[in-house]
Amino acid sequence: MTTTVTRTPAVTRRLTGFQPTGRLHLGNLLGALRPLIAAQDTTESIALIADLHAMTMEHDPSAVRRSTLEQATVMLAAGVDPERTPIVVQSQVREHTELHYLLECVAAHGEAARMIQFKEKSAAGGPIRLSLLTYPVLMAADILLYDTTQVPVGEDQNQHLELARTLAIRFNSRYGPTFTVPEGVRPESAARIMDLAEPSTKMGKSTGTGRIGLLDPPEVIRRTIARAATDPIGLVRRDRENQPGVTNLIGILAELTGREPSDAISYAALKREVTDAVEAVVAPIRARHAEFAADPDFVRGVLAAGAGKVRPTAAATMSRARRGIGLLD
Ligand code: AMP
């Protein structure tokens, strides 16, 4: 049994982060947004648009700004209720960067350098921003700032969550109970949506032709699904190893409709079913997005209100951290 000094918050609070490096896609909807929306009645959640993380690789300033606003707009359109789930832009709550620095003072260089994502991204060549090395510490600050108890994590983020836990425990034991130690939770839906053109790769904001954007027009969605990779086996069944493309299509259909397709249908018929199911879910998001996008001041107001709502918690955490580590009040 560990007897770590920690804070025990009264509420379950969950933090879900999105990086505004591109446009939200079906993977984001099924893997992150839907679980977030489904938990709105039972869990205090914060939807964080992590714009500072978008600067760890070469970036286009106007694209980050555009993407930040667009992501907020899509979240609203998809059903995130900002009254219950504040939508917060990371850079608009200054405590994120302040806490980042204090946590760097309890983190070791080696802890950051061994992060798999750092190794992978820095191996791509070109100049490496120092922030790419240190951003898992910023991510720890994002989590610890809000007394977060639960962080939905996919496997690729496990290492970053572990770092957040390690830093929280270390800080607490050196400087007194300051942070809540968060737990990782698997999202209710274990959806992991793969790229339709390359079903061995996770669908991502920057993957190419096999990505279904939540704002894609119907004909683009139809074409993307029509061109989805299948196989010569000809059977509609889940077999991730031998039939990753078909398995992904079945998984998407099951996530969207709650049912499995008949195994007697052709791949073309399966694709038609998937197209109809995607369109049924995406069409209302597209329509509501158009309404919200016509009023960017409203969306900016939602973000200002979101930051206002969470700031007191952030300020309280910072105050404990400053005092603990030896700074003047
Ligand atoms: P990101 O797009 O990396 O900013 O991720 C934002 C959220 O969406 C995270 O909670 C991810 O786990 C989730 N997510 C991203 N891509 C996928 C995918 N292909 N399938 C399921 N969930 C995803």
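All figures in this text were calculated on a predicted structure; none of them were measured in a lab.

(A) The site of the ligand, seen in detail. Around the ligand sit 14 residues, and of these Gln-19, Asn-28, Ile-193, Met-203 and Lys-205 come closest. Lys-205 is positioned such that a nitrogen or oxygen atom in its side chain is 2.6 Å from an oxygen atom of the ligand. In the complex, 79% of the free accessible area of the ligand, which totals 480 Å², lies under the protein chains. Within the shell around the ligand, the residues separate by chemical class into five nonpolar, six polar and three charged.

(B) View of the side chain of Thr-317. On the secondary structure map, Thr-317 appears in helix α11 (residues 296–325). On the basis of relative accessibility, which here comes to 0%, the residue Thr-317 falls in the buried class. The contact partners of Thr-317, leaving out residues within four places of it in the chain, are Leu-144, Leu-145, Thr-178 and Phe-179.

(C) Layout of the packing of aromatic side chains. For the coordinates displayed, the defined rule picks out three aromatic pairs. For the ring pair Phe-171 and Tyr-175, a centre distance of 5.0 Å and an interplane angle of 65° mean the geometry is edge-to-face. Linking Phe-171 with Tyr-175, this pair stays in helix α7 (residues 158–175), spanning four residues, or about one helical turn. Summarising the aromatic geometry, the rings of Phe-292 and Phe-298 are spaced 5.9 Å apart at their centres and angled 15° between planes, so their arrangement reads as stacked. Of the aromatic side chains, those joined through ring pairs into one cluster are Phe-171, Tyr-175 and Phe-179.

(D) The arrangement of the pairing of strand β1 (residues 13–18) in detail. A large share of β1 lies buried, amounting to five of its six residues. Summarising the sheet, β1 and strand β2 (residues 44–49) pair through six bridges and their orientation is parallel. Residue pairing for β2: Arg-13 is matched across the bridge by Glu-44. Considered for its hand, the β-α-β crossover made up of β1, helix α1 (residues 26–38) and β2 is right-handed.

(E) Focus on the domain arrangement of the protein. Along its sequence, the protein is carved into domain 1 (13–190 + 295–325) and domain 2 (218–291). The gap between the C-alpha centroids of domain 1 and domain 2 is 31 Å. Facing the eleven residues of domain 1 at the interface are nine residues of domain 2. Taken over both partners, the interface formed by domain 1 and domain 2 buries close to 890 Å², and the fraction arising from carbon and sulfur atoms is 67%. For the pair domain 1 and domain 2, the number of links is zero salt bridges. Linking domain 1 with domain 2 are two residue pairs in polar contact (both at pLDDT 80 or more). Elements that contribute at least two residues to the side of domain 1 that touches domain 2 include exactly α1 and α2 (61–78). Per-element tally for the side of domain 1 that touches domain 2: the top contributor is α2, with five residues. Classifying every residue of the side of domain 1 that touches domain 2 gives six nonpolar, two polar and three charged.

(F) Highlighting the pattern of salt bridges. In the structure shown here, the tally under the stated rule is 15 salt bridges. The partner of Glu-70 in a salt bridge is Arg-23, with the nearest N and O atoms 2.7 Å apart. Here Arg-23 lies in the loop between β1 and α1 and Glu-70 lies in helix α2, a separation of 47 residues in the sequence. Using a relative accessible area of 45% as the deciding quantity, one classes Arg-23 as partly exposed. With a shortest N-O distance of 2.9 Å, Asp-81 and Arg-84 are connected by a salt bridge. Residues joined by salt bridges that share partners form a network here, namely Arg-7, Asp-147 and Arg-320.

(G) Local environment of the pairing of β2. Most of β2 sits out of view: five of its six residues are buried. Looking at chain direction, β2 and strand β3 (residues 87–89) are connected through three bridges and run parallel. Bridge pairing in β3 links Ala-47 to Ile-87. Note on the crossover from β2 through α2 to β3: the handedness is right-handed.

(H) Seen up close, the packing of α2 against helix α10 (residues 267–293). Their axes nearest at 8 Å, the elements α2 and α10 cross at an angle of 125°. For the element pair α2 / α10, the angle class is oblique. By crossing handedness, the relation of α2 to α10 is classed as right-handed. On the side of α2, the interface is formed by Glu-70, Thr-73, Val-74, Leu-76, Ala-77 and Ala-78, while α10 contributes Ile-285, Arg-288, His-289, Phe-292 and Ala-293. Classifying every residue of the contact of α2 with α10 gives seven nonpolar, two polar and two charged.

Criteria and cut-off values
Residues numbered from 1 in each chain as written. Predicted model: local features only at pLDDT ≥ 70, side-chain atom pairs only at ≥ 80, totals over all residues. Heavy atoms only, no water. Near = heavy atom within 4 Å. Polar contact = N/O pair within 3.5 Å; in protein donor to acceptor, adjacent residues only side chain to side chain. Areas by Shrake-Rupley, 256 points an atom, 1.4 Å probe, with all protein chains shown as cover. Nonpolar A, V, L, I, M, F, W, Y, C, P; charged D, E, K, R; others polar. Helix = DSSP H or I, 4+ residues; strand = E, 2+ residues; numbered from the N terminus. Buried < 20%, exposed > 50% of the residue type's maximum accessible area, 1.4 Å probe, protein only. Contact = heavy atoms within 4.5 Å. Phe/Tyr/Trp six-rings, centres within 6.5 Å; stacked < 30°, edge-to-face > 60°. Pairing = 2+ DSSP bridges. Right-handed = clockwise from strand over helix to strand, strands pointing away. Domains from an automatic or database assignment. Buried area = accessible area lost by both parts, 1.4 Å probe. Salt bridge = Lys/Arg side-chain N within 4 Å of Asp/Glu carboxyl O. Axes fitted to C-alpha atoms, helices over the stretch in contact; angles between N-to-C directions. Parallel < 35°, antiparallel > 145°, perpendicular 65-115°, else oblique. Left-handed = near helix turned anticlockwise from the far one by under 90°.

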